[in-house]
Every structure is written in C-alpha cells, then in structure tokens.
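A closer look at the structure
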Amino acid sequence: MSESPPPIPDARWLWENEPCRAACPVHTDAGAYVTAIAQGRYRDAYLIARQPNPFPSICGRVCAAPCETACRRGKVDAPIAIRALKRFVSERFGVESFGGSAVWHEGHGPVPPATHPSVGVVGGGPAGLSAAHDLRLAGHPVTIYEAQDRLGGMMVLGIPEYRLARGLISREVEAILDLGVDVRTSCRVGTDVTLDELLGEHAALFLAVGTGRGRDLDIPGHELDGVLRAVEFLLNVNQGFRVELGERVVVVGGGNVAFDAARTALRAAARGEAGPTPQPPDPWAQEDARRSLTTSLDVARSAVRAGVADVTVAALESPEEMPATPEEIAEAEEEGIRIVYRRGPHRITGGGHVEGLETIAVASVFDAQHRFAPTFVPGTEEVLPADTVILAVGQVADVGFLGQGAGVELTRQRGVAVDPKEPDRRGRRRPACGRVHPRRARRRGRRSTADRAGRPARVPPPGHGLRRRRQGQDPGGAPRPADRLRRGRDRLW
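Residues numbered from 1 in each chain as written. Predicted model: local features only at pLDDT ≥ 70, side-chain atom pairs only at ≥ 80, totals over all residues. Heavy atoms only, no water.

Topic: the overall build of the protein chain
What counts, and what does not: Starting at the N terminus, helices and strands are each numbered in turn, a helix being any DSSP run of H or I of at least four residues and a strand any DSSP run of E of at least two. Think of it in three bands: with a 1.4 Å probe and only protein chains considered, a residue is buried below 20% of the maximum accessible area for its type, exposed above 50%, and partly exposed in between. Contacts are residue-level and defined by heavy atoms, with any inter-residue pair within 4.5 Å sufficient. A 1.4 Å probe and the Shrake-Rupley method give the accessible areas. Residues count as covered only by the protein chains that appear here.
On a plain count of helices and strands, the protein chain comes out with 21 helices and 15 strands. Classification of the 493 residues of the protein chain by burial places 53% in the buried group. Long-range contacts, defined here as pairs at least 24 residues apart, represent 69% of the contacts in the protein chain between residues at least 6 apart. Counting every atom, the protein chain has about 22,200 Å² of accessible surface; 50% of that belongs to carbon and sulfur.

Right, here's the structure in full:
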C-alpha cells in the first residue's frame, strides 16, 4: 500500500498549523526562534528572527505582536511572550548589543554587486527601508527619496521617544544603508523633484509614502481652534516643537471603520432612519482600531509629559472590548490619564475656540454576530470640558505628489490602487506597499515588502529553517531575498 504524498504547504495550511507565523506581516518563524531560545541557542534565535525582517530590535519593542494574538497557547492559559523573547535575543545580538550590527549583517549573507536595473523608493519609513533592504540584496542599486530631514518615517516622527529610543532606530537604519543604499533626504517628490524625473532616472519606482495625515471627524465644531489631529500633534512633539494645549485635553480614539460606522449611525438616528448595515470587523479593521487606540494613548501620555494636568481619552468600547492591550491601558492610567468608556463624540462645543467635547452614551458597538453595529442612547449627552480636543480616528496617505496625469488610481481611502492581476494597465512601474496601499495589504495578508513588489511568496514546512541551519545554510528556511526577487523580476518591471 503506497503512502499518500505529504501535503504541500499553502496559505490555508499555514493558518491552520502555524497561526503565529501566518499572522506575522513578514511571516517570521516565531515558533522556530522561541524553540531555539528554549534550547539556549540564542544566536540562532536572533538569526531566525532577523532573516525576514530588517527591524528585529525595533519590532522587539513596539510591534503590535499579532503573532501573540494568534498563538494557540492563548487558548490554554496565555500566549507565549513572543515579542519580549525577540527583544531578549536582540539585546544580545542585535544592533544595540556590544557587537553592534555584525550579527545583523550575518543574517543576510553576502551583498551582491548592484548590476540590475535601478529602483527609486519614495518614502524612507519602515516600508520604504524594508523595500530598499530587499532590493539591494537582490542586486539592484537603490535610492530612497525622503521628504523629511531624517529616515525612519513614523518610527521617528510618530512613536514617542519614551516607547522607542531614537538611537536604536538610527542603528538599524544605518545597518540598511551600509548595504549600499543611497539616500536623498529633504527631497519632496512633486516639489523638489517630479515623478516623471524619477521615472526617467530609475527602471521602477516603489511608492511607500505612508499615511502621514490624520483624518478629520466630521461632527459639528471640528473646525474650531484647538482641534488637532493626533498624527500632526505627534509629528510636532517628536520634532521638538512646543504645542500649546491648555490645562484640559480630551483625546478621541478609535479606528477608521469604527468611527465611520459610528458617524453613519448617529446621522441615521438624527433623521429617524434605520441604522447602517452591520459590518464584520475583518482583521484589517481590528488592527486599525487597535493601532488608533494605541495612538490615542500615546497622545494622552505625551500630553501629560507636556505638563497638562487633566487628560481624558473617550472610547466607544467598554473595557472588555478595548482593542488595546491591558498593559497599555494600565500604564496610561498609572500616569493619571482618565479613560471614559462607551462614549461617542457628538459635537465639539465652543465659540471661536474649543470649550468641550459633547459625548453620547454608546448602547453597543457590536451586534450578536460581533459585527460593527454601533447604537447610541438618545438624551444621554454630556460635555467633557476641554481646551484642546485631539482626534485619533485614523490616517490617510498624502498622495498629492502623484498629480492628475500620473495614471495612478487611488482607493477610497486615498491609497494607491494596484491590481496584481493587471500589472500592465495600472501602476506597472510603480509598485506600492505599506500603509499607502491598505486594501492590497488586507487582501494579500500583509506579506513582506519586497513580496508586494511582485516576487512570489514561498512558505517552507515546519522545521525547514532548522534543517537548513544544520546544513550550514541561512536560518528561517525561506530563500534569500536576492533569489526570490530574481525569480520574479519580470513581474517587478
């Protein structure tokens, strides 16, 4: 009797058998490096974590850790502390260790000569730097064009320094530049250089401009003085500018999807109509809500550090429904930040300047099927006194540099629309990645940056990386970036 052939790993197999790895945006083999740590092989553990990710030290500190949310151990008691374990090995072998970036560079192997067509990367944030890292290791000369005077994007300009040390960011960015990546900072595409000029200079452009603009909340009073958007507030604080906030600050937090649904429900209730159709909160929406709430808490803690005595966060959810981790909430409350649960923003009060935020009680955020279906309790309006209201209700990309004749289609969320099935008709020479391309990130499982540029994904079976390690090859089991991109180079162009 012949044995049936072993199953070929695909996306479904991965989700069912390695949910932690499948949940990771770059498919880091968390199980392999956790096992290596348990066996005392700390250097191997770092190399496994480093192989698909040029920012292991940063991710060991501020990653959203979707791997822990998906960890099957959580069904027994609590998830494995995967992010903390990554930080543990990064502190011993990462760029912040005594050995500097030596082991970081060991993780990628020899750097090939830059003999392939050149690529321009627009945006020097985590997505752009990751693309530059992978493309350079594939043998392409790469130039990054960054509008700010420094690289790092929202890692530097959005995340407060108390959460992520700037020296650590600089070390991992410098390690990427050491591969031979060229950089032009203070170069805004559309102002200092045109898109057509870049297309004439490079064989392809990679758009990774991020979502550096905050969304407005379309409620009465949103145009008053004293209403700030969270992203702009954090950008100013992290660049050392002083922002006058007054004595009382209210932060409105939540994700794009949650507040879109909430606003629609409020308008329908005001007109006496039926509420909006419940929307299932897909993983992208849940991550967006968690990220926005984390931003809200970052804003609130930054305001406390700026000397504001009274800081309040208004949240749609109950404590049990909050997408932030319990640790984040506990740290904020320890610093004196008050969180008001189950209150939705109704209007911002004041004459020429903000005087308060009127909120309304939330009856429920989700229905019985756990779909977004917010409902409110009429007649429960209350005003939270405020000198400043900061809106952390999502972000959008600033894509004005594309111009009208660039031939690039935009999504409803103002991201770059690229159809992978029609590369010749839309954006053939302008792949996009990161948060500027949210729909594709959601649809394709947030694969690694260079994968989004067109190279095929490959998921090795469990333990594959460990077997290759014993044979003297690279840890992690996946093919090196150069090999993967060369196989798919025709799709990149």
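On we go.
Some thoughts on the side chain of Thr295
Summarising the element assignment, Thr295 is placed in helix 15 (residues 283–305). Since its relative accessible area comes to 16%, Thr295 is described here as buried. Contacts of Thr295, omitting those with residues within four sequence positions, involve Ala230, Leu234 and Ala392.

Here we look at the packing of helix 3 (residues 30–38) against helix 4 (residues 42–50)
Two quantities define a packed helix pair, namely the angle between the helix axes and the distance between the axes. Inclusion rule: All axes are obtained by fitting lines to C-alpha atoms, using only the stretch in contact for helices, and the reported angles, taken between N-to-C directions, cover 0 to 180 degrees. The scheme is simple: roughly parallel for angles under 35 degrees, roughly antiparallel for over 145, roughly perpendicular for 65 to 115, oblique for anything else. The classification used treats Ala, Val, Leu, Ile, Met, Phe, Trp, Tyr, Cys and Pro as nonpolar, Asp, Glu, Lys and Arg as charged, and all other residues, Gly among them, as polar.
Interhelical geometry of helix 3 versus helix 4 gives an angle of 170 degrees and a closest axis separation of 8 Å. What the angle tells us is that helix 3 and helix 4 run roughly antiparallel. Here Ala32, Tyr33, Ala36 and Ile37 of helix 3 come into contact with helix 4, specifically with Tyr42, Ala45, Ile48 and Ala49. Its residues placed into classes, the contact of helix 3 with helix 4 shows eight nonpolar, no polar and no charged.

Details of helix 13 (residues 230–238)
Among the residues making up helix 13, those that are buried are Ala230, Val231, Phe233, Leu234, Leu235 and Asn238. Gly240 sits one or two residues past helix 13 and shows a positive phi near 90 degrees.

Description of the sheet that holds strand 4 (residues 204–207)
Just so we agree on the cut-off: A pair of strands counts as paired when DSSP detects no fewer than two bridges linking them.
Spatial strand order, 3-2-1-4: four strands in an open sheet with parallel pairing. Across the chains shown, the open sheet's two edge strands, defined by having one partner strand only, are strand 3 (182–184) and strand 4. On average, adjacent strands in this sheet sit at an angle of 20 degrees to one another, irrespective of strand direction. Pairing analysis gives four bridges linking strand 1 (residues 119–122) to strand 2 (residues 142–145), with the strands arranged parallel. Bridge pairing in strand 2 links Gly120 to Thr143. Against the sheet, helix 9 (residues 126–137) engages strand 1, strand 2 and strand 4, with an angle of about 170 degrees to strand 2.

Structural notes on the confidence of the model for the protein chain
Which entries qualify depends on this criterion: Values of pLDDT, the confidence the predictor places in each residue, fall between 0 and 100.
Looking at the protein chain as a whole, its pLDDT mean stands at 77, while 73% of the residues score no less than 70. The model gives residues 256–261 a pLDDT under 50, and that stretch makes 22 contacts with residues more than four places away or in other chains. Long-range and interchain partners of residues 423–428, a stretch whose pLDDT sits below 50, account for six contacts in this model, where long-range means more than four residues apart.

Regarding the environment of Arg87
With respect to the helices and strands, Arg87 occurs in helix 7 (residues 82–93). Distance in space between the C-alpha atoms of Arg87 and Ile58 is 8.3 Å, their sequence separation being 29 residues. When sequence neighbours within four positions are dropped, the list of residues in contact with Arg87 reads Gly60 and Arg61.

Concerning the pairing of strand 10 (residues 343–350)
Sheet analysis places strand 10 next to strand 11 (residues 354–366), joined by seven bridges and oriented antiparallel. From the neighbouring strand, Gly350 faces strand 11, where its bridge partner is Val354. With antiparallel pairing between neighbouring strands as the criterion, strand 10 and strand 11 make up a hairpin whose turn holds three residues.

A look at the sheet that holds strand 14 (residues 388–392)
Paired through backbone hydrogen bonds, the strands of a sheet run either parallel or antiparallel to each other. Strands sit in the order 6-14-7-8-9 across an open sheet of five strands; the sheet is parallel. In this open sheet, the two strands that pair with only one neighbour each are strand 6 (227–229) and strand 9 (338–340). Across this sheet, the average inter-strand angle for adjacent strands is 25 degrees, counted without regard to direction. Contacting strand 6 and strand 14, helix 13 crosses the sheet at an angle of about 80 degrees to strand 6.

Digging into unusual backbone geometry
Look at His27: it is not a glycine, yet its phi comes out positive at around 55 degrees. By secondary structure assignment, the location of His27 is in the loop between helix 2 (19–23) and helix 3.

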